[in-house]
Amino acid sequence: MSVQSDFFSQSEAQGQKLRIAVLIPCYNEEVTIGQVISEFQAALPDARIYVYDNNSKDNTVAIARQHGAVVRQERRQGKGNVIRRMFADINADFYVLVDGDATYEAAAASQMVQLAYDQSLDMVTGLRVSDRQAAYRFGHILGNRVLTNLVRIMFGQGVKDMLSGYRVFSNRFVKSFPALSSGFETETEFTVHALKLCMPVGEVETAYIERPEGSTSKLNTYRDGVRILFTIISLVRCERPLLFFGVFSLLFFMLGMTLVSRSCWNLLKPVMCHACQQRFWQQGSSFCRLFPSFVGLFWIVSRWIVWKNAG
């Protein structure tokens, strides 16, 4: 008996049948979308496959319909916008999110759903494993590790592959996810959302291959990397305000100490204007040190007030 049929049998024995939705955001993927749909139909034959087209200018929509997928459209450009629409529209027990570029291993989907079902996990990430340089270039590996480790430092231990586009979510995760980003930064939001709410998460190693010939990536390494970095900074400001503003307080403190040292040196000079300058820099540096702390404290109190009013 397969893994998938095993957990379906368990759920049916309990008087319910699991609803699994495969979500595929697409933009100009006519070369690969048919293959992706067919592979997930084989891996999860009882799942319903949704293709959300994001203003494709090729035959993505027609090919997806020919292969039996439910095709819908999102006019606002960007992967984050598509995912926001998917999560709002579709109700299921488990959601399998995968890119439409045929780089992920569809056969691993049943194992990922099985893990989420058995251990009641809210997110299972497909941990990309590849020995093909064309599939996973060194620059992408390095950038992924840097950004993933940055999030782990700021928010605690989480997934090892933060930017993976292959995930399984519970209904609880999907319906609580804020979906603020419009582009590829949404993968970062997935991880931070799970860590912030202390959701149980897991990982499954999956093969990762290069795009087939004729298929082009929509990811811009430098532009999207910078956007992801700024997303992390913004999330730290919102979710860890004491840490965020504390860092700035420390920087201004160091700056203030430098200025105070300079002013102390000026005290040794007999010229009166230097003494005035010393007082000025002391007062200014004190304000610079304290101001970010007050801003951070105000941010914490305001968020607490909003939380109390919402409750």
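Calculation criteria
Residues numbered from 1 in each chain as written. Predicted model: local features only at pLDDT ≥ 70, side-chain atom pairs only at ≥ 80, totals over all residues. Heavy atoms only, no water. Buried < 20%, exposed > 50% of the residue type's maximum accessible area, 1.4 Å probe, protein only. Helix = DSSP H or I, 4+ residues; strand = E, 2+ residues; numbered from the N terminus. Contact = heavy atoms within 4.5 Å. Pairing = 2+ DSSP bridges. Axes fitted to C-alpha atoms, helices over the stretch in contact; angles between N-to-C directions. Salt bridge = Lys/Arg side-chain N within 4 Å of Asp/Glu carboxyl O. Phe/Tyr/Trp six-rings, centres within 6.5 Å; stacked < 30°, edge-to-face > 60°. Lys NZ or Arg CZ within 6 Å of the ring centre and 35° of its normal. Core = buried A, V, L, I, M, F, W, Y, C linked by side-chain atoms within 4.5 Å.

Caption draft 1: Layout of helix 4 (residues 79-89). Turning to helix 4, its buried residues number three or more, namely Lys 79, Gly 80, Asn 81, Val 82, Ile 83, Met 86 and Phe 87. Residues of helix 4 that are buried make contact with strand 1 (20-26), strand 2 (48-53), strand 4 (94-97), strand 6 (167-170), helix 7 (171-176) and helix 8 (186-196).

Caption draft 2: Expanded view of unusual backbone geometry. Its identity is not glycine, yet Asn 55 carries a phi of approximately 70°, on the positive side. Its place among the elements puts Asn 55 in the loop between strand 2 and helix 3 (60-66). A relative accessible area of 19% means that Asn 55 is categorised as buried. With a phi angle near 60°, Ala 102 is a residue other than glycine that sits in the positive phi range. Within the secondary structure, Ala 102 is located in the loop between strand 4 and helix 5 (109-119).

Caption draft 3: Summary view of the sheet that holds strand 4. Ordered by their spatial adjacency, seven strands build an open sheet running 3-2-1-4-6-5-7, and the pairing between neighbours is mixed. The open sheet has two free edges, formed respectively by strand 3 (70-73) and strand 7 (201-207), since each of these has just one partner strand. Sheet twist, expressed as the average angle between the axes of neighbouring strands with direction ignored, equals 20°. Against the sheet, helix 4 touches strand 1, strand 2, strand 3, strand 4 and strand 6, its axis set at about 155° to strand 1.

Caption draft 4: Spotlight on the pattern of salt bridges. Counted under the stated rule, the structure contains eight salt bridges. One salt bridge in this structure joins Arg 76 and Glu 74, with 3.0 Å as the shortest N-O distance. Judged by its relative accessible area of 3%, Glu 74 is buried. For Arg 85, the salt bridge is made with Asp 89, and the minimal N-O distance between the two is 3.0 Å. Here the residue Arg 85 and the residue Asp 89 both occupy positions in helix 4, the gap between them amounting to four residues, near one helical turn. Note on Asp 89: relative accessible area 33%, which makes it partly exposed.

Caption draft 5: Expanded view of the packing of aromatic side chains. Summed over the entire model, instances satisfying the criterion amount to twelve aromatic pairs. Judged by centre distance (6.2 Å) and plane angle (35°), the ring pair of Phe 87 and Phe 190 falls under tilted. Of this pair, Phe 87 sits in helix 4 while Phe 190 sits in helix 8, and the two are 103 residues apart along the sequence. Taking the ring centre of Tyr 208 as reference, the NZ or CZ of Arg 128 above it sits at 5.2 Å.

Caption draft 6: Broad picture of the nonpolar core. In terms of nonpolar packing, the biggest core is built from 37 residues, with Val 22, Ile 24, Phe 40, Val 51, Val 96 and Tyr 166 touching the most fellow members. The set of elements that each furnish at least two residues to this core consists of strand 1, helix 2 (33-43), strand 2, helix 3, strand 4 and helix 5. With six residues, helix 5 is the largest single contributor of residues to this core. The contacts of Val 22, once residues within four sequence positions are left out, are Phe 40, Leu 44, Ala 47, Arg 48, Ile 49, Tyr 50, Val 96 and Val 98. By size, the runner-up hydrophobic cluster in this structure holds 23 residues, among which are Leu 23, Ile 83, Met 123 and Val 159.

Caption draft 7: Representation of the environment of Leu 195 in the model. Summarising the element assignment, Leu 195 is placed in helix 8. The buried category is assigned to Leu 195, whose relative accessible area is 14%. Along the backbone, Leu 195 and Arg 152 are 43 residues apart, and their C-alpha atoms lie at a distance of 9.2 Å.

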